[in-house]
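Listed here are the chains, written in short residue letters.
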Amino acid sequence: MSKIYNYNHEVELESGAVLPGVAIAYDTWGSPNADGSNVVWVCHALTANSDVADWWPGTVEAGRFLDPAQYYVVCANILGSCYGTTGPLSVNPATATPWYGDFPRVTVRDMVQMHRLLAAHLGIDHVKFLIGSSIGGFQCLEWCVAAPDFAQNAVFIATAAIATPWQVAFNETQRMAIETDATYGSPRDDAGATGMATARALALLSYRGGKAYNKTQRDTGAEPLFGHRVLSYQRHQGEKLRNRFNAYSYYRLTQAFDSHNVGRGRGGVEAALGRIKAHSLVVAITSDILFPVEEHDLITRNIPDCQFQVIDSDFGHDGFLVESDKLNHIIQKFIQ
């Protein structure tokens, strides 16, 4: 069961909108050292939650890079989500009803602002390492730029310093799919759920890519005329998200993804990355079509103290979830 920190003060968002207060859901594993030298902060990806052990298999375990016997692991649910932190399903005090589509737009910078409020509440002023993948990596980069002394080490996995047109195009297409659902915009929790299922099936193409699909979804046995295995796979993946997530949150979080630019208001991306003091590791995945290997060069060239590793995997962007053994080997070596 996640813990909740209620910050009962106004929070101004990057857009200028003001939230009257925020609830931040978080989970922890292990215990902090007296000097706080063993804290690890995990920033999660788009539709994950603060329970890292739930969505990142092979990590929060003995002998792994998030070993609770060795580290005090913290993960906070992101602003705009539907897993405990303030978002579209939260009650708007001004109306006494859920925000739904009226929830203000948020940015990655806003998400990190919430993380920093929670860190202060927990008495954490530095961490041994900060780690995140995808939009979790966005958060880590933003945090390391905004507060260069916070992380001693940082691990950025399958991520970028600025959202690219290619990535934003996928997000906009998903939002278009949600908008085709006639229920989207209605003041109810399940509004837009069918459109979101379609959006998720579309997104999965970018998360996995052709190699993964061709490796895992080929028809076996009798040659089908119409009933290809991959058809049920796509619908199943859409239904999985439909049953656990919220379309208003999904819409806002994809917009937050689009907002990412560590160089905004800081003299550009290169200048911003140059402010990072953390001993850094960037990890890319060979078959990732959403965050291609070569695009990580912008990060590795501009962070002053940075290593770069590539995981050979056929599972695309989702390789960071699937290749836990390879990832563990790389990160353990880096930390040691």
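Per-chain numbering applies: the sequence of each chain, read as written, is numbered from 1 onward. Totals for whole chains, interfaces and linings use every residue, but because this is a predicted model, local features are given only for residues with pLDDT of at least 70 and side-chain atom pairs only at 80 or more, for both listing and counting. With hydrogens and water stripped out, all remaining heavy atoms of the structure feed into the side-chain values.

Peer 1: I'd like to hear about the overall build of the chain, residue by residue, with values.
Peer 2: Within the chain, the regular secondary structure consists of 11 helices and 12 strands. C-alpha atoms define the radius of gyration, and 2.2 Å times the number of residues to the power 0.38 defines the globule rule. For 336 residues, the compact-globule estimate of 2.2 N^0.38 gives 20 Å, and the chain sits close to it at 20 Å. Principal-axis analysis of the C-alpha atoms gives the chain an extent of 65 × 50 × 40 Å. Two residues qualify as a contact provided that any one of their heavy atoms is within 4.5 Å of a heavy atom in the partner residue. Restricting the contact set of the chain to residue pairs at least 6 apart, pairs at least 24 apart contribute 74%. Only carbon and sulfur atoms are counted for the fraction: they give 51% of the accessible area of the chain, which is about 14,200 Å². When charges are counted, Lys and Arg contribute as positive and Asp and Glu as negative, whereas His and the chain ends are disregarded. Think of each charge as sitting on NZ of Lys, CZ of Arg, CG of Asp or CD of Glu. Across the chain, 26 positive and 34 negative side-chain charges occur, with their mean positions spaced 2 Å apart. We count a stretch as a helix when DSSP gives it H or I for four or more residues in a row; a strand needs E for two or more, and each element gets its number in order from the N terminus. The accessible surface values rely on the Shrake-Rupley method and a 1.4 Å probe; as for residues, cover is taken only from the protein chains in view.

Peer 1: Help me get a handle on unusual backbone geometry, residues and values and all.
Peer 2: In this structure, Ala96 is a non-glycine residue whose phi angle is positive, near 65 degrees. Within the secondary structure, Ala96 is located in the loop between strand S7 (91-92) and strand S8 (97-98). Classification of Ala96 by relative accessible area gives exposed; the value is 60%. Although it is not a glycine, Ala158 sits at a positive phi angle of roughly 45 degrees. Examined against the element boundaries, Ala158 turns out to sit in the loop between strand S10 (151-157) and helix H4 (165-179). When its relative accessible area of 0% is taken as the criterion, Ala158 is described as buried. Only protein chains enter the area calculation, which uses a 1.4 Å probe; residues under 20% of their type maximum are buried, those over 50% are exposed, and those in between are partly exposed.

Peer 1: Before we move on, can you summarise the environment of Asp54 with the specific residues and values?
Peer 2: If you trace the backbone, Asp54 turns up in helix H1 (residues 52-55). Classification of Asp54 as exposed rests on a relative accessible area of 53%. Any pair of N or O atoms that falls within 3.5 Å is considered a polar contact. Within protein, one atom must be able to donate a hydrogen and the other to accept it, and sequence-neighbouring residues count only if both atoms are side-chain atoms. Within the structure, Asp54 has its side chain in polar contact with the side chain of Asn49 (distance 3.4 Å).

Peer 1: Please give an account of the environment of Gly136 that cites residues and values.
Peer 2: Among the secondary structure elements, Gly136 is positioned in helix H3 (residues 135-146). On the basis of relative accessibility, which here comes to 0%, the residue Gly136 falls in the buried class. For the pair Gly136 and Ala45, spaced 91 residues apart in sequence, the C-alpha to C-alpha distance is 4.7 Å. When near neighbours in sequence (up to four residues on either side) are disregarded, Gly136 contacts Cys43, His44 and Ala45.

Peer 1: A description of the pattern of salt bridges should follow, citing residues and the corresponding values.
Peer 2: Salt bridges are defined by distance alone: a side-chain nitrogen of Lys or Arg within 4 Å of a carboxyl oxygen of Asp or Glu. In total, this model carries 14 salt bridges according to the counting rule given. The shortest N-O distance in the salt bridge between Glu14 and Arg264 comes to 2.9 Å. You can see Glu14 sitting in the loop between strand S2 (11-12) and strand S3 (18-19) and its partner Arg264 sitting in the loop between helix H7 (247-258) and helix H8 (269-273), a full 250 residues away along the chain. Between Arg242 and Glu239 there is a salt bridge whose closest N-O contact spans 3.9 Å. Separated by 3 residues within a single helix, Arg242 and Glu239 lie in helix H6 (residues 229-244), roughly one turn from each other. Exposure remark for Arg242: the relative accessible area of 31% places this residue in the partly exposed category.

Peer 1: Any chance you could break down the packing of aromatic side chains for me, citing the residues and the numbers?
Peer 2: Ring geometry is summarised as follows: Phe, Tyr and Trp rings, the Trp one being its six-membered ring, pair when their centres sit within 6.5 Å, and such pairs are stacked at plane angles under 30 degrees, edge-to-face over 60 and tilted between the two. Taken as a whole and judged by the stated rule, the model has 18 aromatic pairs. Grouped by ring-pair contacts, the aromatic residues Trp55, Trp56, Phe65 and Phe320 constitute a single cluster.

Peer 1: So what's going on with the pairing of strand S11 (residues 279-285)? Which residues, and what values?
Peer 2: Burial analysis of S11 places 6 of its 7 residues in the buried class, which makes it a mostly covered element. Direction of pairing for S10 relative to S11: parallel, over a ladder of 5 bridges. Following the sheet pairing, Ala154 is matched in S11 by Ser280. Two strands pair when backbone bridges link them, and S11 and strand S12 (residues 306-311) are joined in this way by 6 bridges, in the parallel orientation. By the bridge assignment for S12, Ile285 is matched with Ile311. Running through helix H9 (residues 297-302), the crossover from S11 to the neighbouring parallel element S12 is right-handed. Here, any two strands with at least 2 DSSP bridges between them count as paired. Crossover handedness is defined here as right-handed if the route from the first strand over the helix to the second strand goes clockwise, with the strands pointing away from the viewer.

Peer 1: So what about the sheet that holds strand S4 (residues 22-29)? Which residues, and what values?
Peer 2: Across the sheet, 8 strands lie side by side as S1-S4-S6-S5-S9-S10-S11-S12; this open sheet has mixed pairing. Strands at the two margins of the open sheet, each flanked by one partner only, are strand S1 (3-7) and S12. Between one strand axis and the next, the sheet turns by 20 degrees as a mean value, whatever way the strands run. Note that S4 and strand S6 (residues 72-76) share 4 bridges and pair antiparallel. Within S6, the position partnered with Trp29 by the bridge is Val73. Fitted lines through C-alpha atoms give the axes, limited to the stretch in contact for helices. The angle between two N-to-C directions lies from 0 to 180 degrees.

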